[in-house]
Amino acid sequence: MPAPTTLTDTDIRVRTATPEDGDTLVDLISLVDLQLRADEVPGALAPMRHALTHSDDGPLSHRRNHFLIAENSEGVPVGAITCGFAKWMSDPNRSPKILRRRIVERISTVHGLAVVPAYRNRGIARTLLQHAEETFRDAGYTVLTLRHDRSLTKFYGRLGYISHNRLSLKLPTGELLSIADRGWKHAFKVLSPTASITTVQGMPTITGALSD
Ligand SMILES: CC(C)(COP(=O)(O)OP(=O)(O)OC[C@H]1O[C@@H](n2cnc3c(N)ncnc32)[C@H](O)[C@@H]1OP(=O)(O)O)[C@@H](O)C(=O)NCCC(=O)NCCS
């Protein structure tokens, strides 16, 4: 896990979240437009709150999840990133059971990335994402994926992510796993030289992410 960093330009420190950060993390991630009604948001974030109680010695902060908080010089939380496995990974219709373990050990998903309005455009989201990417890379992950609103295509592009209407993944069997979620775009970035993005059936496709 990368050591806490101080950004001299903004005096922001990034740290891993603790079990006491439940409300903080919920408040910060609620800044993301989750395309849910307000009364549905606490339920949607309940698994994150639960996962936060399972901290361990890494490489990720909370088993298969990684939760980071950015704080200002007074220790006030101003941003957060939450990552973990995606729902499709345990869906028998989407992910072949035989490959499931390898998928969750190689691919992770950013569930939420948010910075409070007064601290935006200072590079805090970029820093949080870079910290997460470094940790996942060190832990042997080959790809980081996420789902985002169409309006954020440019933002994630600036951070090195390729966005498309579908998440397309070439399996070691040669089959193509392809996921689309109405109203969302999928973005992905390779973290390892063993993986690459190639064009398959006209779609940018993650290739080599699950190879031996
Ligand atoms: C999107 C969000 C996380 C950006 O945080 P931030 O700390 O302001 O972002 P950064 O300062 O690190 O910006 C990184 C780069 O993206 C650009 N950028 C920031 N917000 C952008 C936006 N909405 N659209 C396009 N580009 C954007 C910045 O100019 C910067 O580019 P550069 O370094 O190449 O010049 C923040 O606006 C936010 O919390 N929004 C509400 C929650 C949300 O939508 N989260 C994302 C979905 S999970």
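If you check an unreviewed UniProt entry, the protein appears there as GNAT family N-acetyltransferase from Streptomyces lavendulocolor.

Asker: Summarise the packing of helix H1 (residues 22-29) against helix H2 (residues 41-51); cite the residues concerned and give the values.
Answerer: Closest axis-to-axis distance for the H1/H2 pair is 10 Å, and the angle between their directions is 140°. Considering the angle they form, H1 stands oblique to H2. For the pair H1 and H2, the crossing hand works out as right-handed. Seen from H1, the contacting residues are Gly22, Asp23, Leu25, Val26 and Ile29; seen from H2, they are Leu45, Met48 and Arg49. Within the contact of H1 with H2, the residues separate by chemical class into 5 nonpolar, 1 polar and 2 charged.

Asker: Describe the pairing of strand E3 (residues 66-71), with residues and values.
Answerer: With respect to burial, E3 is a largely interior element, 6 of its 6 residues being buried. Residues His66, Leu68 and Ala70 line one face of E3 and the alternating positions Phe67, Ile69 and Glu71 line the opposite face, and both faces are buried. As judged from the 4 bridges shared by strand E2 (residues 12-16) and E3, these two strands associate in the antiparallel manner. Residue Arg15 lies in a different strand from E3, and its bridge partner there is Ile69. As paired strands, E3 and strand E4 (residues 77-84) are joined by 6 bridges and run antiparallel to one another. By the bridge assignment for E4, Ala70 is matched with Gly79. In sequence, E3 turns back onto E4 through a hairpin of 5 residues, with Gly75 there showing a positive phi of about 80°.

Asker: Describe the site of the ligand, naming the residues involved and giving the relevant values.
Answerer: For the ligand, the set of nearby residues contains 16 residues, the closest of which are Leu113, Val115, Asn121, Gly123 and Arg126. The separation between an oxygen atom of the ligand and a polar side-chain atom of Arg120 is 3.4 Å. One of the backbone nitrogen or oxygen atoms of Arg122 is found 3.3 Å away from an oxygen atom of the ligand. Look at the ligand: alone it shows 910 Å² of surface, and the protein chains cover 74% of it. Taken together, the elements giving at least two residues each to the shell around the ligand come down to strand E5 (107-115), helix H4 (124-138) and helix H5 (153-158).

Rules behind the numbers
- Residues numbered from 1 in each chain as written.
- Predicted model: local features only at pLDDT ≥ 70, side-chain atom pairs only at ≥ 80, totals over all residues.
- Heavy atoms only, no water.
- Axes fitted to C-alpha atoms, helices over the stretch in contact; angles between N-to-C directions.
- Helix = DSSP H or I, 4+ residues; strand = E, 2+ residues; numbered from the N terminus.
- Parallel < 35°, antiparallel > 145°, perpendicular 65-115°, else oblique.
- Left-handed = near helix turned anticlockwise from the far one by under 90°.
- Contact = heavy atoms within 4.5 Å.
- Nonpolar A, V, L, I, M, F, W, Y, C, P; charged D, E, K, R; others polar.
- Buried < 20%, exposed > 50% of the residue type's maximum accessible area, 1.4 Å probe, protein only.
- Pairing = 2+ DSSP bridges.
- Near = heavy atom within 4 Å.
- Polar contact = N/O pair within 3.5 Å; in protein donor to acceptor, adjacent residues only side chain to side chain.
- Areas by Shrake-Rupley, 256 points an atom, 1.4 Å probe, with all protein chains shown as cover.

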